[in-house]
Amino acid sequence: MLKPGVFALLIRLTFRHWAREPWRFAATLLGVALGVALVVAIRLSSQAALSSFESSIDLLAGRADLSLTQNGESFPDQVFQQLASTRAWGTMVPLVKDKMAPVSNPGDLLTVLGTDLLKDGLVRDSRLLGPEGKPLGFQETLALLPQSDVVFLTQKYADNHGFKAGDSVDFLIQDHWQRLKIGGLLAGQGLGRALDGQVAVMDIAAAQEVFGKIGKLDEIEWVTDSPQARDQLQSWLKGRLTPSFEVERPAQRNLQVEKMLRSEERRVGKECRSRW
């Protein structure tokens, strides 16, 4: 703690400098204040982004507590058949994942989940709405499954673009465009809130055809019966699959996202400090 005499001397020297060069002194204070404000803003922004990512990951994963991927690449769907015995530990669901955007707005990307729509309710919470916002019944949903051009958008995304159930919309998919029919809308709950509504769902067979992934999968998910079953299954899978496959829990994905954001936050923070 500074002694009263030292503190008084410090104040006197500071104000003497301010009196001689007030504009330079004010600019220095302003620069320091802006630097501190920028670092705080970056921290708050990264925390908000992390919270949003974690929420979307949780909504996309639903109740799945274990997933299998192969270094971000598709793998043969025979793997799904080879792992059929893992149903002893819980529910097993295959997934195809990809991106697309409406031709009218190519920058507005959608994350598309191709899944077994008859079983996906065991993994993720969602509610499908048909024309006039009425819930789609089981028979109505079943009638749409054989159609390879049917997609379900979120209610928020459809409202933002003026789409409605039953519309046919041209989408950019990889290096071509394709017309898809909006079979229904995901209500604004559960999966319908993931990625701020930038998500769509298709039946897995339709997604494989539309995205050129016939005979391929991007992920397999499990909803296990208990934490013990999850741990046993994870150990079993790691002992039988090649190192190219990754077996992880949704919580581990959240940790990866957090590490990425923290790393970026530190990088930007260092850059700000070096400039100020």
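In what follows, the accompanying structure is described.

Basis of the calculations
Residues numbered from 1 in each chain as written. Predicted model: local features only at pLDDT ≥ 70, side-chain atom pairs only at ≥ 80, totals over all residues. Heavy atoms only, no water. 1 Å grid on protein atoms, 1.4 Å probe; cavity = no way out; pocket = protein on both sides within 12 Å on 5 of 7 lines; lining within 4 Å. Points joined across faces, edges and corners; volume = space filled by probe spheres on them. Nonpolar A, V, L, I, M, F, W, Y, C, P; charged D, E, K, R; others polar. Buried < 20%, exposed > 50% of the residue type's maximum accessible area, 1.4 Å probe, protein only. Helix = DSSP H or I, 4+ residues; strand = E, 2+ residues; numbered from the N terminus. Pairing = 2+ DSSP bridges.

**Quick word on empty space enclosed by the protein**
Argument step 1. All told, the structure shown has 1 cavity of 30 Å³ or more when counted by the stated rule.
Argument step 2. One number sums up the size of the largest cavity: a volume of about 30 Å³.
Argument step 3. Leu117, Leu144, Leu145, Gln147, Val150, Phe152, Asp203 and Ala206 are the residues that line the largest cavity.
Argument step 4. Along the lines of polarity and charge, the residues of the lining of the largest cavity split into 6 nonpolar, 1 polar and 1 charged.

**Concerning the layout of surface pockets**
Argument step 1. In this structure, the second largest pocket spans a volume of roughly 290 Å³.
Argument step 2. Surrounding the second largest pocket, 15 residues form its lining, Leu117, Gly121, Ser126, Leu128 and Thr141 being those nearest its centre.
Argument step 3. Residues belonging to the lining of the second largest pocket are distributed by class as follows: 8 nonpolar, 4 polar and 3 charged.

**Describing the pairing of strand E3 (residues 90-102)**
Argument step 1. Within E3, 10 of the 13 residues are buried, leaving the element largely enclosed by the surrounding structure.
Argument step 2. Relative to strand E11 (residues 219-224), E3 is paired through 6 bridges, and the arrangement is antiparallel. Counted as the bridge partner of Leu95 is Glu219 from E11.
Argument step 3. Two strands pair when backbone bridges link them, and E3 and strand E4 (residues 110-115) are joined in this way by 6 bridges, in the antiparallel orientation. Its bridge partner lying in E4, Lys97 is registered against Leu113.
Argument step 4. Looking at chain direction, E3 and strand E7 (residues 168-173) are connected through 2 bridges and run antiparallel. Bridge assignment links Ala101 to a residue of E7, and that residue is Leu172.

The analysis is restricted to geometry; functional conclusions fall outside its scope.
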